[in-house]
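Listed below are the residues making up each chain.
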Amino acid sequence: MMIYLIQLYKIVHDKKLFIKVFSDLDFELEEMGWKDDPEGLIEGMLYNHFGLEIKDEKQLSLLTKTILKKKDLSFLEAFK
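Presented here is an overview of the structure given in this document.

About the cut-offs
- Residues numbered from 1 in each chain as written.
- Predicted model: local features only at pLDDT ≥ 70, side-chain atom pairs only at ≥ 80, totals over all residues.
- Heavy atoms only, no water.
- Axes fitted to C-alpha atoms, helices over the stretch in contact; angles between N-to-C directions.
- Helix = DSSP H or I, 4+ residues; strand = E, 2+ residues; numbered from the N terminus.
- Parallel < 35°, antiparallel > 145°, perpendicular 65-115°, else oblique.
- Contact = heavy atoms within 4.5 Å.
- Nonpolar A, V, L, I, M, F, W, Y, C, P; charged D, E, K, R; others polar.
- Core = buried A, V, L, I, M, F, W, Y, C linked by side-chain atoms within 4.5 Å.
- Buried < 20%, exposed > 50% of the residue type's maximum accessible area, 1.4 Å probe, protein only.

Between two packed helices, what matters for the description is the angle formed by their axes and the separation of those axes. Packing of helix 1 (residues 2-11) against helix 5 (residues 57-70) leaves a shortest axis separation of 8 Å and a crossing angle of 85°. As far as their axial angle goes, helix 5 and helix 1 are roughly perpendicular. Contacts from Met2, Tyr4, Leu5 and Leu8 in helix 1 reach Gln59, Leu62, Leu63, Thr66, Ile67 and Lys70 in helix 5. In terms of residue class, the contact of helix 1 with helix 5 is made up of seven nonpolar, two polar and one charged.

Below you can see the structure in the form of C-alpha cells.
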C-alpha cells in the first residue's frame, strides 16, 4: 500500500538515500539471490540503512509489493 511507503519516506532523514536504495532492485533480486524472499530484502535494507523495523508481516508484504511495482521511487520527492 502506497501509504506505508510515503510514511516511511517522511520519517527518514536521508531521503535521497531512501530513494536510491529502494529504486530498481532487480540486481539484488536476480543476481544476489533475493528473488524468493523480497520481503527479507526490504526488511534488511530498512534495518541496515535506516534502523527501521516493520513487525507486521502484512504491512511488510504490502510495502514490498509497492516498492517492487514502482521500481523508480523518485516520485516521492514530491512528499517532502
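From this point, the discussion proceeds with the structure in view.
This part covers the nonpolar core. Counting residues in each nonpolar core, the largest one holds 23 residues, and the members touching the most others are Phe18, Phe22 and Leu46. Put simply, the parts of the chain that give this core at least two residues each are helix 1, helix 2 (15-22), helix 4 (38-50) and helix 5. Counting residues per element, this core draws most heavily on helix 4, at five residues. Here Phe22 is in contact with Ile42, Met45, Leu46, Phe50, Ile67, Lys71 and Leu73, once residues within four sequence places are set aside.

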